[in-house]
Amino acid sequence: MKALVIIDMTNDFVFEKYEYESREYEGSLVAPLGKTIVDPIVKLVKKALSGGNTAVLRLPKDHYNAFTNPRLELELAELGIDEVFITGLVDEVCIYHNALGFLERGFRANVVKGCTIPFEEEKGKKALGELKACGAKLVDAVPGDIGVILLLEDEHDENSEEIRSGSWPPHNMKGTPGALTVKPIRDALKDRK
């Protein structure tokens, strides 16, 4: 089974400012080009959902590598996923580490061009080059038979190391507007048939 993986497309990572329930917030961990990939990812979500039987699963991560959440491997095995199409933020951090995590575990890993961005262009190019050398493919599109949309998103609780140390902004704590998937993607996911 194939999965569309969307990494860290949350308010705090995408927008400098965003509104939630008539209140304005400032993004804390903004990838400056993050908003440029929202619409391309929405198109992929709509394509994946058009098949009619696509499951949607959200798993929080409190580390750049989502495989630190033991539920991830269990869910992937239970769902029978063997190939992933990766989108989201950012090339040289979460895209890189999670793509490697999938490859190390025997998954076919694809990074969808135009649906990821870096913090820094040169570091992003280097990361994608290394992923390609490790066996990841850079692809232009996703197939029509995506069975799962998997949201892997930073979300911390008050016990996470980053929050306790004070080195992480509280916006990405569980249940805060900063930790919510950006509205255009949330809206596309709500349109499931």
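Everything in this summary refers to the structure shown in the same document. Everything quoted here is computed from the prediction, not taken from an experiment.

## A look at the nonpolar core
Where a protein is soluble and globular, its nonpolar side chains tend to be buried together. Core analysis: the biggest nonpolar cluster contains 30 residues, and L4, I6, M9, V45, L89 and I185 have the highest contact counts within it. Listed by contribution, the elements that provide at least two residues to this core are β1 (2-7), α1 (11-14), α2 (38-49), β5 (83-89), β6 (108-117), β8 (146-154) and α7 (183-190). The biggest single contributor to this core is α2, with seven residues. Excluding anything up to four places from it in sequence, I6 contacts I41, V45, T87, I149, L150, L151, L152 and I185. By size, the runner-up hydrophobic cluster in this structure holds 29 residues, among which are A109, V111, A127 and L150.

## As for the sheet that holds strand β4 (residues 55-61)
The strand order across the open sheet formed by six strands is β4-β8-β1-β5-β6-β7, and the pairing between neighbours is parallel. At either margin of the open sheet sits one strand with a lone partner, and together these are β4 and β7 (137-139). On average, each strand axis in the sheet is tilted by 25° relative to the strand beside it, whichever way the strands run. As paired elements, β4 and β8 share seven bridges and run parallel to each other. Along β8, the bridge assignment pairs K61 with D154.

## Some thoughts on the packing of aromatic side chains
Applying the stated criterion to the full structure yields three aromatic pairs. Summarising the aromatic geometry, the rings of F102 and F107 are spaced 5.4 Å apart at their centres and angled 85° between planes, so their arrangement reads as edge-to-face. Comparing F102 with F107 shows no difference in burial state: the two are buried. The ring of F67 carries R105 above its face, with NZ or CZ at 3.9 Å from the centroid.

## Overview of a negative patch on the surface
Taken together, the side chains of D62, D157, E158 and E161 define an acidic patch exposed on the protein surface. You can see D62 is positioned in the loop between β4 and α3 (70-79). Judged by its relative accessible area of 37%, D62 is partly exposed.

## Some remarks on the packing of helix α4 (residues 91-104) against helix α5 (residues 121-134)
At a minimum axis separation of 9 Å, α4 and α5 run at an interaxial angle of 10°. Accordingly, the angle class assigned to the pair α4 and α5 is roughly parallel. Contacts from D91, E92, I95, Y96, A99, L100 and L103 in α4 reach K123, G124, A127, L128, E130, L131 and C134 in α5. A per-class count over the contact of α4 with α5 returns nine nonpolar, one polar and four charged.

Cut-offs and rules
Residues numbered from 1 in each chain as written. Predicted model: local features only at pLDDT ≥ 70, side-chain atom pairs only at ≥ 80, totals over all residues. Heavy atoms only, no water. Core = buried A, V, L, I, M, F, W, Y, C linked by side-chain atoms within 4.5 Å. Buried < 20%, exposed > 50% of the residue type's maximum accessible area, 1.4 Å probe, protein only. Helix = DSSP H or I, 4+ residues; strand = E, 2+ residues; numbered from the N terminus. Contact = heavy atoms within 4.5 Å. Pairing = 2+ DSSP bridges. Axes fitted to C-alpha atoms, helices over the stretch in contact; angles between N-to-C directions. Phe/Tyr/Trp six-rings, centres within 6.5 Å; stacked < 30°, edge-to-face > 60°. Lys NZ or Arg CZ within 6 Å of the ring centre and 35° of its normal. Patch = residues over 30% accessible without salt bridge, like charges linked within 9 Å, V, L, I, M, F, W, Y side chains within 5 Å. Areas by Shrake-Rupley, 256 points an atom, 1.4 Å probe, with all protein chains shown as cover. Salt bridge = Lys/Arg side-chain N within 4 Å of Asp/Glu carboxyl O. Lys, Arg positive; Asp, Glu negative; His and termini not counted. Charge placed at Lys NZ, Arg CZ, Asp CG, Glu CD. Parallel < 35°, antiparallel > 145°, perpendicular 65-115°, else oblique. Nonpolar A, V, L, I, M, F, W, Y, C, P; charged D, E, K, R; others polar.

Structural measurements only, silent on function.
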